[in-house]
Amino acid sequence: MTLSARLRSSVSTLARGALGVAGGLALFVAIAGVPADALAQTTAPAAAAPIQGEGPALWVIKDADSTLYLFGSVHVLRPTTGWASPRVEAAFDSASDIWFEISNPDDQAAVMPLIQQHGLSLDTPLSSRLTPEENVELEAAAQAMGSSAAQLQPMKPWLAALSLSVAPLVKAGYDPKSGVELVLKARAEAVGKPIHAFETIDKQIGILANLPEDVQMAFLRETLKDYENAVTLLDTMVEAWAKGDVATLDRVMVEEMKAASPALYQALLVDRNTDWANQIQTLLEGSGTAFIAVGAGHLTGDDSVQAILQQRGVTVEAAN
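Before going into details, it helps to say that this report is about the structure given with it. From a predicted model like this one, the values you see are computed outputs, not experimental measurements.

1. Looking at helix 6 (residues 132–144)
- Under the 1.5 Å per step criterion, the end-to-end length of helix 6 is 19 Å for 13 residues, consistent within 8% with the ideal 18 Å.
- Buried within helix 6 are the following residues: Glu-134, Leu-138, Ala-141 and Ala-142. Seen from one end, helix 6 has its buried residues packed into an arc of 100°, which puts them on one side. In helix 6, the exposed positions angled more than 90 degrees off the buried face are occupied by Pro-132, Glu-133, Val-136 and Gln-143.
- Residue Gly-146 follows helix 6 closely and has a positive phi angle near 75°.

Written out as structure tokens, the structure is:
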């Protein structure tokens, strides 16, 4: 299989929501086609269900004067999904500083100039890249998210695919405002905890915007093709995450991409995990307690943040 074919295959994982929506890039909340405020209005408020078992996995790193908690997040959730276990609550409350992938995933004002720069192609309408049958599918998917294919025409394929991938999730009750980052961010701001980030929105946008043209088209086509399966796949992932089933997360979110495309796996996970491990080691040189919440896909597998740290002699343990 050629490199391009492997990339196209692995990008279908993004389109199905296993990585891109749930455990990969936090910018999904910021650049989804429908603003987070509008998405939040589609679901009536509801009480969260009790957590399943001990709840999502949590890890801890300690030295003489530092305690760092690692928590795998899901970027969009149903409001009814229970995940705030007593141990997660205690770890968050004990932290003086909070870390995310990006500090402003809900900042539409910050992301719009980046979308205009990296996500639009005014000279090449989206319909010109698709077959007549695919254009019919595009219109149907756009209407499901309260838009139209005409409004998507200026978008580059990666942005159209990412925007369209939110539609079936919202219809099923998934809401960016119920995602882990926005919930924890609001809590941190309410009590004055400083918020930090490993990356910026523009860096995350660059990862997708710099995909080869044929890979972007595969992303869009797989989004349209697997449109009806997106909710089922995300439900499977969220169920595993909510009960701390790391092995299933590894299989659903990481192993498929690793096997299909070593190059994309390297760019989206390994390189970023390595960078974050570097930053975590710098944090350990200081003192205090920090709570770190990043996509769950970064905290599972042989190249996870924890695995990289452990290879460097840093002890990472499951938190009780």
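2. Looking at the pattern of salt bridges
- Applying the stated criterion across every chain yields a total of nine salt bridges.
- For Arg-272, the salt bridge is made with Glu-101, and the minimal N-O distance between the two is 3.2 Å. Here Glu-101 lies in the loop between strand 3 (97–100) and helix 5 (108–118) and Arg-272 lies in helix 15 (residues 262–284), a separation of 171 residues in the sequence.
- With relative accessibility at 0%, the residue Glu-101 sits in the buried group.
- Taking the shortest distance from any N to any O, the salt bridge between Lys-185 and Glu-189 comes out at 3.9 Å. Here Lys-185 and its partner Glu-189 are both found in helix 10 (residues 180–191), four residues apart, which amounts to about one turn of the helix.
- Relative accessible area serves as the criterion here: at 12%, Lys-185 is assigned to the buried category.
- If you follow the salt bridges from partner to partner, you end up with Glu-89, Asp-93 and Arg-187 in one network.

3. Considerations on the packing of aromatic side chains
- What the rule picks out here adds up to seven aromatic pairs.
- Arranged with centres 6.4 Å apart and planes meeting at 55°, the rings of Phe-71 and Trp-241 form a pair that is tilted. Taken together, the positions of Phe-71 in strand 2 (residues 66–73) and Trp-241 in helix 13 (residues 230–242) put the pair 170 residues apart, joining distant regions of the chain.
- Note on Phe-71: relative accessible area 0%, which makes it buried.
- Taken together, a centroid distance of 6.4 Å and an interplanar angle of 45° make the contact between Trp-83 and Trp-241 tilted. Pair noted here: Trp-83 is in the loop between strand 2 and helix 4 (86–94) and Trp-241 is in helix 13, with a separation of 158 residues, a long-range link.
- On the basis of relative accessible area, Trp-241 is assigned to the buried category, the value being 3%.
- Put simply, the rings of Phe-71, Trp-83, Phe-92, Trp-241 and Phe-291 touch in pairs and so form one group of aromatic residues.

4. Let's talk about helix 5
- Of the positions making up helix 5, those classed as buried are Val-111, Leu-114 and Ile-115. Buried residues along helix 5 cover an arc of 105° about the axis, so they all sit on one side. Of the exposed residues in helix 5, those oriented more than 90 degrees away from the buried face are Ala-109, Gln-116 and Gln-117.
- A side-chain oxygen of the first residue of helix 5 lies 3.2 Å from the backbone nitrogen of Ala-109; this N-cap is Asp-107.

Thresholds applied
Residues numbered from 1 in each chain as written. Predicted model: local features only at pLDDT ≥ 70, side-chain atom pairs only at ≥ 80, totals over all residues. Heavy atoms only, no water. Helix = DSSP H or I, 4+ residues; strand = E, 2+ residues; numbered from the N terminus. Expected span 1.5 Å × (residues − 1). Buried < 20%, exposed > 50% of the residue type's maximum accessible area, 1.4 Å probe, protein only. Arc of directions from axis to C-beta. Salt bridge = Lys/Arg side-chain N within 4 Å of Asp/Glu carboxyl O. Phe/Tyr/Trp six-rings, centres within 6.5 Å; stacked < 30°, edge-to-face > 60°. Polar contact = N/O pair within 3.5 Å; in protein donor to acceptor, adjacent residues only side chain to side chain.

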